[in-house]
Each structure stands twice: as C-alpha cells, then as structure tokens.
Amino acid sequence: MFRKFILSCILVWCCQFLYCQSHVSDSLISRFGRQLNEFPQEKIHVHTDKSHYISGERIWFRAHLVDAASHVPVNASRYVYLELINPLDTVVQRVKIKSEDDVYSGYIPLTEDLPEGNYSIRAYTHFMRNLPEEYFFNKSIRVSHPLAATIKADIAFAQEKTNRTAATITLYNVVTRKKINPQNLTIRVDDKVIDPHQYRPGRDSIIRFTLNNRGNNPPRMMYFEGNKYKKFIPVPDFRQEDYTVSFYPEGGYLLQGAPCVVAFKALKTGGLSEPITGKIVDSEGYKLTEIQSNHLGMGSFAMIAEPGKTYYAVCKNNTGIEKRFTLPQSQPNTFSLKTRWANQRLYVSVQNSPGMDKNGLHLLIHSRGMVKYCATWDASKEHIIFEKNLFPSGILQILLIDSQMNILSERLIFCNSHDKGITTFTTDQSAYRRRDHITARVKLTGADNQPLQGNFSVSITDDHDAATDTATSILTRLLLTSELKGHIESPAYYFTGSRQAITDLDVLMMTQGWRRYPLPDMVRGKYQYSEKPIEQVQVISGTVKKLISQNNVEKSLVSIFSHDGGIAGTVETDEKGRFAFILEDADSTVYTLQALSVKGKKNVELHVDKDSYPTVMPSPRQKTVSTLTGDTVDQMIEESALEAYVVKADQRWTIENGIRTINLEEVVIQAQRKDNIPQTSFYLRSLQGQIRKTFDQDFFKTHPVTSMNQLISHMPGVNMEVEKITNPDGTYEEYGRLVTTRSKYGFLQSLVPMAIVIDDVIMPDDFDARDINLYNVGQIDVINDMVPSLGLRGNAGAVFITTKTTEQGWKEPSFNIKTITPLGYQKPIEFYSPKYETMEQKNNYTPDLRTTIYWNPNVTVSSDGEAIFGFYAADNNPTTYSVIMEGVSDNGVIFSSKEKIHIVK
C-alpha cells in the first residue's frame, strides 16, 4: 500500500508539463519535486447517502482518499477516522474505518436520544494530522428528533438590557396546536446551566430566563431538553455585530504609480461573510471610487496609488454600521503579477513601480505542488500567453522569483479545464411504478472519450423526502476547498458556470491562500517533513514503572489477551520501560494487560498510552441551511417544511427496529426499602439515610449496557462530559467525567463534576470515567445530593462503584493490570435494500418507507468503462429519485454526476 502511494507521486512527477531555460529554473523545479517526494500528502472527500437524518438512523458514507497532488486513489493509510461533531464543537461519535478492497466505507450510528440540531462530519487519516485541521474534510448535516413531529419548541430571543439576552420558550403539540406545560426542563447555554429556580412558568406555558453576554465570546448554542424532546438551538448575538474588512492587492502589493486591482473581503466577528458598500478615499478626503461586495462579502476595485499618500475604505454594512479601514501602504520598487483569462487562454504579465528592471526574474506556475512552467521572464514581452489545456483543473499558483530565490509576488487563479470524467446514465425503462425493479447502466469516459476504470459510490434518494446536497461535492472538495485555508462558504456556487460565479471565484482566489507547503522556505531548499507516520497498523503501547520510585522497568514481561479469546501474547519492555503490541481487531474489543517484574512479581505499575485525537476548532456561527433548497432560510421555516420527512423516517425506523425506548422521568417511591449496601463500603454505610439510585446485578441482567456512556442514560441528573488536555504538540487527550446537570447557586456556572469512588477509593480529577469496565462492576450507587463525608469533592453528589468479588467472577484490581477497550476498526455491514422478486413480496402490506432508496459505496467500473447496478423502487409515488454518483478513476480523473429517475402511479 505504501509503495502505491509513493509510485503515484513518481507518476505525478513524470507526467508534468515543464519549460525551463536557466540554472535557477532547474533548481526550483528540483526543489518542488523533492518536497513532493519528501512529504507526499493526502486529500479526503466523504460522500454520504443524504444530508438530513433522524436520531436512531445510520449515516452511510464512502471516504474517497486520494494523493493530494495527482488525485490518484491511495490506500497507504490503513485507517480513516470519521467523527460526528455536535453544535458545541464536541465529538459525540467516532468511528475508525479500514480499507477493504481499496475502499473506505462504513456508517456512523446516531443514538436514539441524540438531540436535534445541525451537526458536522469530520474525516481524516493519522497522516493528515501533519497539517492543520483546515485540510480535514468537513460537512454539515441536519439531525431531527422524532418527537419534532408531535412536540415543538418555539424559542424566541430578544435583547432586554445591555449585554443581556432573554429567551421565551413555548412548547406545543404540533397536531392539536395546544400548548404543553413543560416538565423537568434542562437548559444549558454552551457549558453553562440555567438554574431551575429561574424558570417562571406562566399561564401560557411560557418560560423566561436571562443569559449574560459578557466578554468577547457571546453564547453560541442553547441545549434544550424537556418532555423527552432534545434540541440544539443557535443563540443570536445581540451585541452590535462587529465586522472587519481585509484588502488584498493583486500580486500581493499595492504598487506606487501603477494600476492595481485590490480585492476585499468583509467578515463578521463569528467568521461568516458580511455584505458591505462604501468608498475609497485618500488622506485628504478625496474619493477615488465606490465599492460594493458582490458575493459573500467579497468584491474588488481598481486604483492607482500615489507616493506619500495613505488610502482608506469607508464601509457600511446592512445594519448601517459605518467603519473606516486603512488600505495596505503603497510600495515603491516592487513587482506585482497580473493575470486574466480570455478565449480559453491565460495572460500573465508583470507590473512594476516606475524605474524597476524586469531582467533576472523567473516565473513559476504550479498546480498542487507540481511545476507546470518555470522559465526566466522575458523583459521584452508585455505578457505571456498559455493555453488552458496545458493545466489541470484546480488552483494554479503563479510565483515571481528573483535570482536569490526570493518570492517577489504571487497570484492564485482557478483553472477549469475539460479534464473531468463524463458519465452517461441510462435505465432499462423511462419510468417505473412502486416496487418495480430498476436497472441502471453507467458509462464512464474521460474528456478524450476513452473509457475509465475504477469505482464510485452512488446514493439514490426520494426527492419528496430529502433534497440532495447542493453545497458540496467531490469536485468542490478536491479542486477547491481542500487546497485553501479557512472557511469557504457555499463552494458549489463557484462551479455553476455563470459569468458572475467565474468573476467571484477569481476574487476568492485573491483573498485566500495556498499553504500546503511553506513556499519561501521550500524555494530556498528548506523542506517540510512529516512528523506523524503513515498509520499502517494498530498499536497498544505503554510503560512499566516501579511502584514507589516510578523508575522505568526494563525487561518487564507484559501480557495481553482479549476477552473473546482471539488475541494473546507477551513482550518485554525496552531500556525505557516501553512496550508495544501490534494487532488489529474490531471496535469494542476488550483487552486485559498484565505487567510483571523481571522476577515475575506484581510490584510494578502498568501505564497504557491513551489515544490522542486532533482538537476541534470552533466553527463559524453557522447559518441554518435548508436541505430542501440549499439556501439560507429561517430555522422555523425549515423545520415546518421537513415535518413530513421526520414522520416518515420515524415510521420506517419503528418498522425495522421496534418501538423506541423513552426513559420516563424519575419517580421517587417513599417506602421502606431493603438496603443492598456492600459491607465493605465505609462511605455508603454512612449514607444509608440519603436517597440513591442503585444499579446491581439484577439491573445489568435485564439491561444490555456495556459502557458508562450507555449507563448514564439511566442515571437521573447525571451526564458524561468529555474534558480535553492539550499536549505541547497541539494534540489532546480526552477523559470523561461524570457531572451533574443542575446549577447549585442560582446563577450560570460550569457543570459540576461528581466524585467517583471505586471500592472506597476516591478517584483523582483526571480519572477517565469511560474506562470503567462494566464487566468488572458488581454494583453502582448514585447520590445526587451533597455527600459531606467526601469533603468538597462531594458537593455535587457522587457515584459509588463496587467491583465484583472473586465469587462474582472478578479478582480485585491491581496496579499491574489494566483492562482497556481501544477504538478498533468498524465491522462492515451492508445497506439493506428490500427485494420484490415475487408477487407475494410485491403485495406485502408492510409499507416501504425508505428515504434513502439505494446506497452502494463500491460500484466497480469494468475495463470498458461500464458499470451496472440495480434496486427496487419504494412505495411513494408519483415522485422522482435523485441519483448522485461520485468517484475518482484509477488514473486520478474526478467525476460527479446527478441524474433523475421517474416514479409514476
């Protein structure tokens, strides 16, 4: 696999179009080529079956992993990681997919109680962590809760006082339109809890409370839970919305005494675009020109800067806020690149301040790090002309370099060549009825009409239920957003082909930057190297130390075995006390490790390395995007339009999985009870008078819970919060802590951690509650009230864990023994697609309520460029199906296609 990855880079290097005529040019070409070989990079695009789900469903996906330079599919990395991130920028689900037949595919399970809201999917490999998170894949999805079809929470926000926001909440039945009296509400804003005593239910079931907007970071997200209905709701910022405008002269510098085009970009404080109008004035107040943003706060204007003058932009946004910004200072003795497309040709010229000599300059053009042109600039020419077909589709970076290898000017442009794959889609009939079999044929060719080989993923959805993703595609990902740093709003707009979109795309090129490699260092021969290796195996590693001195133990024997009996082995620690086991097993595999001293004694301490994951960067304050139209719309309008979809999807889920489990509110029974307090527990015996919730062996026999994350759904007033400890290298380690969902002092505060006591031993603050192995637990007792005997640690309550005795099948824990459940690879399962081969099956009364009609992550294309797949239509009619096909051929040709299938009565 690694060899395939390297060979793809060599193929890239050999297939370039080059032109050079000097020693400097030869050196530049050599250095670009060496950087690609020293640090080849990956790109990833994830195709999901749809963009809107209900809790309890699965997100089906295919991850297309390619070489960043050539776009040739690669599988050097053994695993791809996908994460589901909630609106609070917290990872709520993580899966690890391994390559099967050179394809990375799987699913993300959505829990039944997942709160409603706008989530995002992030995907990366371990090797991709050598780059900032901006180069990971990110995609927004919508998750609805089934109760949204019957219970609705209208939440209106308003500003009451300075830096204070008030929210009014109304719950009502969607069908009867009657208001519901909220019970047992939990409301949180970011990590702050609203105290229950602030609730003031009125006769109209309206609840009012106040939020504080202090500091530079106003509340971003409200979490609402009431009447078994959970939802994330964006909180508006009622402060005077600030914005900034940045200016980017073409080529990097505002020249003195020469015409120059200046692009600009206006952003709100939260990172999203802001439309503006304004004017450019000089230091004497003279107006040079008027400006207006055209698309997403971006625009451009032309000017000539005079020596000694300072220029300003006086701007105004849609709310009438006027601000003044200083333009970059004009530069003497400077060069600047200027480009334009005309008649399928690229014109490149070098502008300069008066008196500057163009001799000795070098022009270099590269695409994704592959040099396409490099030569000494001919000072006698006004410009150089390139045919568009000399360059591949995607971002080109043009550099002007002097003989000392200094980059004098740079310019990004986008090239849209005719080099993408062409798909021809046909079906065996022009239209179909309910439960008919549909056979689809696909012919895949290149721009030269020659057949392409490879595979692709296909998703087919009912247009009546779910709209296709209009914001992103494999084209926008591989050709545009993966090449730029920063958030790119609505990337699909730039591929619509309209004249205005082409103009706006060129402005985007001037306001963004290509930064996959540090170019100033690279052109001087200083290369960037990868710090993290390509992940090809799964490793469980750690250190063995002496109990008292904590010195490393050399030649300690460390044994490992899996609880299902599939893995067993022993290794010796090295001179640093380190050990490692190389293995590969499915997710949820439980391992037990034991360390012994050189003499076979147990007087050592075993430390197992925790997995670390990249941090989640705060995302821009997202607008609500309709999955019906792809346009920005009011949230309440979107939810109203999608009620029918939620009802249908929930009916289908119930047919396939049975009635949903709904945890009722806690009922306190006031009666004499039999205390089942372990006799060995000093703390519990001292708290016999306090109300507690007990989980004993009878509970575990009737409830198939295997982890603390699952068990806390049965613990009233208890949540699992993931804390992050950032390492010096920017990575972080996670540990779970149990926290109360109540405020203690009548005002906003962080969630309060509960004490965890295992066999009468109070666990430290950084104890990871997710490591508690329920297989070893005999009983768990939860006390939500203050536990005085635990001191300050018990102010928010405590969770007491009693491990199994030897008679119950478990030995007492030891320092030299650890039980772990690392993140393993996901076991593959197939997407279920019903068959109606007989009349009995076709006339079956069970309704077919599929919203995703068909999903196949791996449709193989034959040597003649053809592929065939088939499926059965569902019951909904008349309607149309959208067919989305995405893939990359074996030689790196990208193809994306959207087709329609008609279903009639």
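Our structure's up above, just so we're on the same page.
An account of the overall build of the protein chain is needed here, citing residue identities and associated values.
A count of helical and extended segments in the protein chain gives 11 helices and 51 strands. A buried classification covers 52% of the 905 residues belonging to the protein chain. For the protein chain, contacts bridging at least 24 residues in sequence account for 68% of all contacts bridging at least 6. Accessible surface computed for the protein chain: about 41,800 Å², of which carbon and sulfur atoms make up 49%.

Can you explain the pattern of salt bridges? Please cite residues and give values.
Between side chains of opposite charge, a pair can form when the charged atoms approach closely. All chains considered together, the criterion is met by 32 salt bridges. Note that Arg 578 and Asp 609 form a salt bridge whose closest N and O atoms lie 2.6 Å from each other. Residue Arg 578 is found in strand E36 (residues 578-583), and its partner Asp 609 is found in the loop between strand E38 (604-608) and strand E39 (612-613); the two are separated by 31 residues along the sequence. The salt bridge involving Asp 848 is made with Arg 850; its shortest N-O contact spans 2.8 Å. With respect to class, Asp 848 is no different from Arg 850; both count as buried.

Which residues make up the sheet that holds strand E31 (residues 437-445), and what values go with them?
If you walk across this open sheet you meet the three strands as E30-E31-E49, and the pairing is antiparallel. The open sheet has two free edges, formed respectively by strand E30 (422-427) and strand E49 (866-872), since each of these has just one partner strand. The average angle at which neighbouring strand axes cross in this sheet is 20°, direction not considered. Taken together, the seven bridges between E31 and E49 define a ladder with antiparallel strand orientation. Looking at E49, one finds that His 437 is bridged to Tyr 872.

Give me the lowdown on the nonpolar core, citing residues and values where you can.
Leu 28, Phe 32, Leu 480, Leu 508 and Met 509 are the most contacted members of the largest nonpolar core, which totals 46 residues. Beyond its immediate chain neighbours, meaning those up to four positions away, Leu 28 contacts Leu 364, Cys 374, Ile 401, Met 405 and Val 523. By size, the runner-up hydrophobic cluster in this structure holds 36 residues, among which are Ile 59, Tyr 104, Tyr 124 and Met 221.

Account for the sheet that holds strand E45 (residues 777-783), naming residues and giving values.
An order of E40-E45-E46-E43-E44 is seen for the five strands of this open sheet, with the pairing classed as mixed. Both edges of this open sheet fall to strand E40 (693-695) and strand E44 (761-762), since each of them pairs with a single strand only. Strand direction decides the pairing type here: strand E43 (residues 755-758) and E44, joined by two bridges, are antiparallel. When the sheet's bridge partners are listed, Ile 758 is paired in E44 with Val 761.

Any chance you could break down the packing of aromatic side chains for me, citing the residues and the numbers?
Each pair of aromatic rings is reported with the distance of its centres and the angle of its planes. Applying the stated criterion across every chain, the model contains 22 aromatic pairs. With centroids separated by 6.4 Å and ring planes inclined at 50°, the aromatic side chains of Phe 247 and Phe 264 adopt a geometry described as tilted. Residue Phe 247 is located in strand E16 (residues 243-249), and its partner Phe 264 is located in strand E17 (residues 259-268); the two are separated by 17 residues in the primary sequence. Of the two residues, Phe 247 and Phe 264, neither departs from the other in class, the shared state being buried. With 6.0 Å between their ring centres and 80° between their planes, Phe 456 and Phe 895 make a pair best called edge-to-face. Of this pair, Phe 456 sits in strand E32 (residues 454-462) while Phe 895 sits in strand E51 (residues 894-903), placing them 439 residues apart in sequence.

Outline the side chain of His 52, supporting the account with residue identities and numerical values.
Examined against the element boundaries, His 52 turns out to sit in strand E2 (residues 52-54). A polar atom in the side chain of His 52 sits 2.7 Å from the side chain of Ser 144.

Describe unusual backbone geometry, naming the residues involved and giving the relevant values.
Looking along the chain, the bond that leaves Asn 877 and enters Pro 878 is cis, with omega of -10°. Its identity is not glycine, yet Arg 368 carries a phi of approximately 55°, on the positive side. With respect to the element layout, Arg 368 can be found in the loop between strand E25 (362-367) and strand E26 (370-376). Despite not being glycine, Asn 449 has its phi angle at roughly 70°, a positive value. Assignment of secondary structure puts Asn 449 in the loop between E31 and E32. You can call Asn 449 exposed: its relative accessible area is 59%.

If you had to explain the pairing of E16 to someone new, which residues and values would you point to?
Here E16 shows a buried face lined by Tyr 243, Val 245, Phe 247 and Pro 249 and an unburied face lined by Thr 244, Ser 246 and Tyr 248. Two elements, E16 and E17, share seven bridges in a ladder whose sense is antiparallel. Paired with Phe 247 across the strands is Phe 264, a residue of E17.

A description of the environment of Lys 381 should follow, citing residues and the corresponding values.
Looking at where Lys 381 falls in the secondary structure, it is placed in the loop between E26 and strand E27 (384-387). Overall, Lys 381 belongs to the partly exposed group, its relative accessible area being 46%. Sequence separation between Lys 381 and Ser 349 is 32 residues, and the spatial gap between their C-alpha atoms is 8.5 Å.

Explain helix H4 (residues 499-511) to me, and be specific about the residues and the numbers.
The end-to-end C-alpha distance of H4 is 19 Å, a good match for the 18 Å that 13 residues give at a rise of 1.5 Å each. For H4, the full list of buried residues reads Ala 501, Asp 504, Leu 505, Val 507, Leu 508, Met 509, Met 510 and Thr 511. Buried positions along H4 lie against E16, E17, strand E20 (298-304), strand E28 (394-401) and strand E29 (407-415).

About the criteria used
Residues numbered from 1 in each chain as written. Predicted model: local features only at pLDDT ≥ 70, side-chain atom pairs only at ≥ 80, totals over all residues. Heavy atoms only, no water. Helix = DSSP H or I, 4+ residues; strand = E, 2+ residues; numbered from the N terminus. Buried < 20%, exposed > 50% of the residue type's maximum accessible area, 1.4 Å probe, protein only. Contact = heavy atoms within 4.5 Å. Areas by Shrake-Rupley, 256 points an atom, 1.4 Å probe, with all protein chains shown as cover. Salt bridge = Lys/Arg side-chain N within 4 Å of Asp/Glu carboxyl O. Pairing = 2+ DSSP bridges. Axes fitted to C-alpha atoms, helices over the stretch in contact; angles between N-to-C directions. Core = buried A, V, L, I, M, F, W, Y, C linked by side-chain atoms within 4.5 Å. Phe/Tyr/Trp six-rings, centres within 6.5 Å; stacked < 30°, edge-to-face > 60°. Polar contact = N/O pair within 3.5 Å; in protein donor to acceptor, adjacent residues only side chain to side chain. Expected span 1.5 Å × (residues − 1).

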